[in-house]
Amino acid sequence: MPPPDYKKLYEIVCDLYSNTEHFYYGQWDETFFTLRVFETCKDLIRKSKASIEKEVILTAAIFHDIGKTKLNTEEKIKKEWDDHPIYGAKLTREILTKQGKFENDFIEKVVDLVKHHDDRPSKVDMIRSDELKILQDADLLADMGIASFIRPFLYSGKNKRRTLENVNYIKTERRTNGGISKENLYRLNLRSSKRVAKKLMKEAEKLDNKIFKMTQSELVE
Ligand SMILES: [Fe+2]
Ligand SMILES: [Fe+2]
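Residues numbered from 1 in each chain as written. Chains lettered and ligands numbered in written order. Predicted model: local features only at pLDDT ≥ 70, side-chain atom pairs only at ≥ 80, totals over all residues. Heavy atoms only, no water.

**Describing the coordination of the iron ion (ligand 1)**
When a metal holds four donors in a tetrahedron, each ideal angle between them is 109.5 degrees; when it holds six in an octahedron, the ideal angles are 90 or 180 degrees. The line we're drawing: Note that water is not among the atoms used; donors are N, O and S atoms within 2.8 Å of the metal (3.2 Å for Na, K and Ca), so sites may look incomplete. Starting at the N terminus, helices and strands are each numbered in turn, a helix being any DSSP run of H or I of at least four residues and a strand any DSSP run of E of at least two. Throughout this description, buried means an accessible area under 20% of the type-specific maximum (1.4 Å probe, protein chains only), exposed means over 50%, and partly exposed covers the range between.
The iron ion (ligand 1) binds to the protein through D65 (OD), H84 (NE2) and H117 (NE2), with metal-donor distances spanning 2.1 to 2.2 Å. Along the chain, the residues that donate to the iron ion (ligand 1) are spaced as D-x18-H-x32-H. In this structure, the iron ion (ligand 1) lies 3.8 Å away from the iron ion (ligand 2), the two metals sharing D65 as a donor. Remark: H84 occurs in helix α5 (residues 84-99) and D65 occurs in the loop between α3 (54-63) and α4 (74-80); sequence separation between them is 19 residues. What makes D65 buried here is its relative accessible area of 5%.

Laid out in structure tokens, this is it:
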């Protein structure tokens, strides 16, 4: 089987996201997060000593959240968010089969990763393949560091929250909820991921502090 054309697969999923209201821009822009999960997987693959199926992981990274395209209303997002891996598994199988280039065994391995990408150590007790460990960790790490810094701004833009209000949100609420913090590093599978996470947290903290300083003014005291 020739190596997957990742760029083409990414374009297919971007097209699907472009037909949605919530996953093409703003805080849930999956065209951005998918790219970051893909690149973070590459980084974790490089760091891994296990013999892993790289192409399975990278293809799954591109497809892992595609089930969100089935959540087309606010109501559905609220009620069916947890089902997006199941929807995604089905869609992934359909799209990869339609390409006519992939062996069945390869497709099913990718589908399996998509299906279980949210079954993290903190949530589900199961035996995880090295491939699944990497995908799950990359999915969390992709939301950290600079990404975790810009996400609230994407959110505030989409939801018409003032920039200064947003900075305040980062200072207060965001510190205690959202993203991954030192307290929930246990959600990561691999030791190497925990090391990366700590580095990313420091990076985000630096950016947070910069914008706190930048917006300190007698006008808002
Ligand atoms: Fe997901
Ligand atoms: Fe994701």
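Still more ground to cover, so stick around.
**What about the packing of helix α2 (residues 30-47) against α3?**
Definition in use: The axes are straight lines fitted to the C-alpha atoms, using for helices just the contacting stretch, and the angles between their N-to-C directions are given from 0 to 180°. Any angle that is under 35 degrees is reported as roughly parallel, and any over 145 degrees as roughly antiparallel; angles of 65 to 115 degrees are reported as roughly perpendicular and all others as oblique. Working rule for handedness: look at the near helix, and if it is turned counterclockwise from the far one by less than a right angle, call the crossing left-handed; if clockwise, right-handed. By the convention used here, residues are in contact when the closest approach between their heavy atoms is within 4.5 Å. By the convention adopted, Pro, Cys, Tyr, Trp, Phe, Met, Ile, Leu, Val and Ala count as nonpolar, Lys, Arg, Asp and Glu as charged, and the other residues, Gly among them, as polar.
Where α2 contacts α3, the axes come no closer than 8 Å and their chain directions differ by 160°. Between α2 and α3, the angle falls in the class roughly antiparallel. α3 is crossed by α2, and the crossing has right-handed handedness. Contact residues: α2 offers T34, V37, F38, C41, K42 and I45, while α3 offers K54, I57, L58, A61 and I62. Tallied by class, residues from the contact of α2 with α3 come to eight nonpolar, one polar and two charged.

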